[in-house]
Structure formats: structure tokens, C-alpha cells
Amino acid sequence: MDDGSLDLTLVTHPVVRTRLTALRDARTSSVQFRDLLTQLTGMLMYEAMASQAVTAVTVQTPVGPCDGVQMTQPPLLVPVLRAGLGMLDAAMTAVPEAQVGFVGVARDEETARPQEYLVSLPADLRDRPVVVLDPMLATAGSMIHTLDVLARHGATDVTAVCVIGAPEGVAALRESGHRLRLVLGGLDEGLNEDAYIVPGLGDAGDRLYGPR
Ligand code: PRP
Ligand code: URA
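Quick caveat: nothing in here was measured; it's all calculated off a predicted structure.

Trainee: How would you explain the overall build of the protein chain if you had to name every residue and give the values?
Mentor: Of the regular secondary structure elements, the protein chain holds six helices and 14 strands. The C-alpha radius of gyration of the protein chain comes to 17 Å, within 12% of the 17 Å expected for a compact globule of 212 residues. With the C-alpha coordinates of the protein chain rotated into their principal frame, the extents come out at 60 × 40 × 30 Å. Per-residue burial for the protein chain yields a buried fraction of 35% across its 212 residues.

Right, here's the structure in full:
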């Protein structure tokens, strides 16, 4: 953890950067957007799971015994509705052993503050790795709200996977005091007066599912 609480990984692989460029493009249709977000999530999930604990197992290949590993404790994936749902299938493909919980948060259009409308999580998340999925980290209000909810359920091992972040959101996460690994596919210039990420990609939920 680079400041004692936030461990930030910015993924700069050329394949991630090319897919992210296409995702941002205003001409990209919803169909293409969903597909690109799926591809990006798969790549970011590999990075997010890089330090997961594994346990030794032995399998029999057609030729003989082979030492291998399995995940010691599969994570709970938590998409932040709506836009995080666009990352769920790819995250489950990357980690088929995972279970899934849900948090629904929508920003108030006037204040940009998070309004919670759903929490569906196991009661006890102690000793359980949790991976939060949300494509956009703008002010970080929605992420910090989600981290607060997870902390109330006992979670201490939390990784967030976001496609695009703003420096203001990263700073707010550091100030929140939550201990977090954050995997980002891009770190943008900042926020505009409406708290949208610049250059960003617009409203991720609307681009996935249409305007609310
Ligand atoms: C988007 C996004 C994040 C949030 C980021 O969701 O998916 O959850 O905004 O902004 P913040 O960092 O300033 O909180 P939104 O509230 O638009 O809801 P939606 O996914 O249902 O469209
Ligand atoms: N939510 C989005 O979907 N996009 C932004 O730029 C900011 C918040």
C-alpha cells in the first residue's frame, strides 16, 4: 500500500489502451460499448487477482500427477449498479469460483452525492476477499459509500476495479482512510463542473443501458 491505505495500479498495457480508446469514442454503439467493457474488465481482473492467495493441489494429467493451485478463498464480486453490472459477466468468467453481492447507488444529478437504493450482501464478510466493480471513479462518492457498506459487513480485504478514474476521486479515496487496492485502466485529467470525468466517456450507465 503506497500511503498506508491505497494501493493504486494503473494498467498501461497497449491492448487495454486500445480498447479504452474505442470505449471512450462517442461513436461507439451500446452493443460495442458492452463488448469493449467486457474485454477491458477481463484484462483488469487479471491484474486485480494477481496477489490472491492460492493453495497447493495435485491433479492427474493424462500423463501423470501434476502440482497445481486453487484459490484459497474465492472473492465476492460486488458490482455497483447500474454500470458495474456491465463488468460482472467478465469478472465471473475470470474467476468462476466467485460469488456475487450487489450494491445499488445512483448519484443525485444536482449534488453528485450517492443515493443508495439496494444492498444485497452476505451478512459477514470477515476474512473474505471482495472485488468491487464500477467502471467510473469520479468524485469517489459512490465508491466510498460502497466501501462504508462493506466495512459495516466486516470486509477488510477489498479491491476495486474501475475502468477510468479522476485524480479527485483517487485523492478522496486516500482521504477516506479505507484500506483498498485500486486497479484502474486509465487516470484522466479531472472533473468538469457537473462532476463528470474529462475526457472520460460520458455516462457509463446510460451508454450501457440507455438514459434513466
Ligand atoms: C456512475 C458510476 C459510478 C458513479 C461515479 O454511476 O457508475 O457509480 O457514477 O461517480 P462518483 O465517483 O462521483 O460517485 P451513476 O450514479 O451514474 O449511476 P448508474 O450506474 O446507475 O448510471
Ligand atoms: N459517472 C459516469 O458514468 N461518468 C462520469 O464521468 C462520472 C460519473
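Now that the structure has been shown, the text picks up again.
Trainee: Kindly report on the environment of S51, identifying the contributing residues and their values.
Mentor: Its location among the elements puts S51 in the loop between α2 (30–48) and β2 (54–60). For the pair formed by S51 and L137, sequence separation is 86 residues and the distance between their alpha carbons is 22 Å.

Trainee: Tell me what's going on with unusual backbone geometry, and back it up with residues and numbers.
Mentor: Residue L81 is joined to R82 through a cis peptide bond whose omega torsion reads -5°. Looking at the element boundaries, R82 is found in the loop between β4 (76–81) and α3 (88–94). A positive phi angle, near 60°, is found at D127, a position not held by glycine. In this fold, D127 is placed in the loop between β7 (114–120) and β8 (129–133). C-beta crowding within 10 Å serves as the criterion here: with 10 such atoms nearby, D127 is assigned to the exposed category. For A140, which is not glycine, the phi torsion reads 75° and is therefore positive. Inspection of the secondary structure puts A140 in the loop between β9 (136–137) and α4 (141–152).

Trainee: Residues and numbers for the environment of Q52, please.
Mentor: Inspection of the secondary structure puts Q52 in the loop between α2 and β2. Classification of Q52 as partly exposed rests on a count of 17 C-beta atoms within 10 Å. Residues Q52 and T72 lie 20 residues apart in sequence; the distance between their C-alpha atoms is 8.0 Å. If sequence neighbours within four positions are ignored, Q52 has contacts with M71 and P129.

Trainee: If you had to explain the confidence of the model for the protein chain to someone new, which residues and values would you point to?
Mentor: Interpreting fine coordinate detail is not advised for predicted regions of low pLDDT. Averaged over all residues, the pLDDT of the protein chain equals 96, while 98% of them reach at least 70. Taken together, the chains of this predicted complex give a pTM of 0.97 and an interface ipTM of 0.98.

Trainee: Go over the nonpolar core, please, and point to the residues and values.
Mentor: Core analysis: the biggest nonpolar cluster contains 50 residues, and V130, V131, V132, L133, V161 and C162 have the highest contact counts within it. The leading source of residues in this core is α2, at seven residues. Excluding residues that lie within four positions of it along the chain, V131 makes contacts with A48, P75, L77, V78, A91, T159 and V161.

Trainee: Pulling in residues and values, what's your account of the UniProt feature "domain: Phosphoribosyltransferase" (unreviewed entry) in the protein chain?
Mentor: As recorded in UniProt, the sites labelled "domain: Phosphoribosyltransferase" (unreviewed entry) are residues 11–210. The span residues 11–210 shows a helical share of 32% and a strand share of 30%, and its end C-alpha atoms are spaced 28 Å apart.

Trainee: I'd like a rundown of the pairing of strand β10 (residues 157–162), residues and numbers included.
Mentor: Two faces belong to every sheet, and in a regular strand the side chains alternate between them. Judged by how many residues are buried, β10 sits mostly within the fold: six of six residues are covered. Residues D157, T159 and V161 line one face of β10 and the alternating positions V158, A160 and C162 line the opposite face, and both faces are buried. Bridge analysis of β8 against β10 gives five bridges, and the strand direction is parallel. By the bridge assignment, V131 is partnered in β10 with T159. With four bridges connecting them, β10 and strand β12 (residues 180–184) associate as parallel partners. Bridging from a neighbouring strand, V161 pairs with V183 of β12.

Trainee: Give a detailed account of the pairing of β8, specifying residues and quantitative values.
Mentor: Along β8, five of the five residues are buried, which leaves the element largely enclosed by surrounding structure. Here β4 pairs with β8 via four bridges, running parallel. The partner of L77 across the bridge, within β8, is V131.

How each quantity is defined
Residues numbered from 1 in each chain as written. Chains lettered and ligands numbered in written order. Predicted model: local features only at pLDDT ≥ 70, side-chain atom pairs only at ≥ 80, totals over all residues. Helix = DSSP H or I, 4+ residues; strand = E, 2+ residues; numbered from the N terminus. Rg over C-alpha atoms; globule rule 2.2 N^0.38 Å. Buried ≥ 20, exposed ≤ 12 C-beta atoms within 10 Å, placed from the backbone. Contact = placed C-beta atoms within 7 Å. pLDDT = per-residue confidence, 0-100. Core = buried A, V, L, I, M, F, W, Y, C linked by C-beta atoms within 7 Å. UniProt positions renumbered as here; feature names shortened; annotations may be inferred. Pairing = 2+ DSSP bridges.

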